[in-house]
Amino acid sequence: MLSRQKQHHKLVSTWLGVSKRIGSVTAVEDEESLCRPVSLTQCQLCVIVVDNPEQSLPTCLLSHRDMRVLVLTTSRKSGKLTDWLQQGATDVVSLKKAAAARHAISRLI
């Protein structure tokens with residue numbers, strides 16, 4: 001899970017921890033940590049929290065097309081879905097819509 005803010009790590013880790021299918025959650029604060037080869041090969045679901053709907057996803061995700069990528073935006077609006085999907089996202093949900101975010105996580109797991 002990639003987020004620059006600790007409170008997002010805590011919140012999303014709690015949501016992920018509800019499922020018995022998740023063995024562990026690794027929280028990173030920068031793209032460099034996320035893009036380490038070991039990190040991505042062990043990742044079944046990558047959750048990325050973005051502060052700006054115009055932000056782009058780390059380019060290292062493009063080489064892992066089979067990985068599910070959930071983008072959680074901190075704003076109410078998530079931006080254009082097609083833009084996120086073209087970058088490799090599987091789904092995009094606002095972090096402020098907790099029920100929808102939890103549903104997206106359970107669906108992608």
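Above this note sits the structure.
Residues numbered from 1 in each chain as written. Predicted model: local features only at pLDDT ≥ 70, side-chain atom pairs only at ≥ 80, totals over all residues. Heavy atoms only, no water.

## Some thoughts on a positive patch on the surface
Residues Arg76, Lys77, Lys96 and Lys97 make up a contiguous surface patch of positive charge. The topology assignment puts arginine 76 in the loop between strand S2 (68-73) and helix H4 (81-86). (Patch = residues over 30% accessible without salt bridge, like charges linked within 9 Å, V, L, I, M, F, W, Y side chains within 5 Å. Areas by Shrake-Rupley, 256 points an atom, 1.4 Å probe, with all protein chains shown as cover. Salt bridge = Lys/Arg side-chain N within 4 Å of Asp/Glu carboxyl O. Lys, Arg positive; Asp, Glu negative; His and termini not counted. Charge placed at Lys NZ, Arg CZ, Asp CG, Glu CD. Helix = DSSP H or I, 4+ residues; strand = E, 2+ residues; numbered from the N terminus.)

## Details of the side chain of threonine 73
Positionally, threonine 73 belongs in strand S2. A polar atom in the side chain of threonine 73 sits 3.3 Å from the backbone oxygen of serine 75. (Polar contact = N/O pair within 3.5 Å; in protein donor to acceptor, adjacent residues only side chain to side chain.)

## Some words on the state of the cysteines
Evaluated as defined, the whole model comprises one disulfide. Covalent S-S linkage joins cysteine 35 and cysteine 60, the inter-sulfur distance amounting to 2.0 Å. What sets the handedness of the cysteine 35 and cysteine 60 disulfide is the S-S torsion sign, and at about -65° it is left-handed. In this pair, cysteine 35 is assigned in the loop between helix H2 (31-34) and helix H3 (37-41) and cysteine 60 in the loop between strand S1 (45-50) and S2, connecting sequence segments 25 residues apart. When its relative accessible area of 26% is taken as the criterion, cysteine 35 is described as partly exposed. (Disulfide = S-S within 2.5 Å. Buried < 20%, exposed > 50% of the residue type's maximum accessible area, 1.4 Å probe, protein only.)

## Brief notes about the nonpolar core
Counting residues in each nonpolar core, the largest one holds 17 residues, and the members touching the most others are Val12, Trp15, Leu45, Val47, Leu70 and Leu72. Those elements that provide at least two residues to this core are helix H1 (6-17), S1, S2 and helix H5 (98-108). Sort the elements by how many residues they give to this core and H5 lands first, with four residues. Every residue in contact with valine 47, bar those within four places of it in the chain, is listed here: Met1, Leu2, Val12, Leu16, Leu70 and Leu72. Formed by 14 residues, the second largest nonpolar core is a distinct cluster that contains Leu34, Ile48, Leu57 and Val92. (Core = buried A, V, L, I, M, F, W, Y, C linked by side-chain atoms within 4.5 Å. Contact = heavy atoms within 4.5 Å.)

## Description of the side chain of histidine 8
Take histidine 8: it is sitting in helix H1. Residue classification places histidine 8 among the buried positions, given a relative accessible area of 10%. At 3.3 Å, the side chain of histidine 8 and the side chain of serine 3 are in polar contact. Once residues within four sequence positions are removed from consideration, histidine 8 is found in contact with Met1, Ser3, Val49, Asp51, Thr74 and Leu95.

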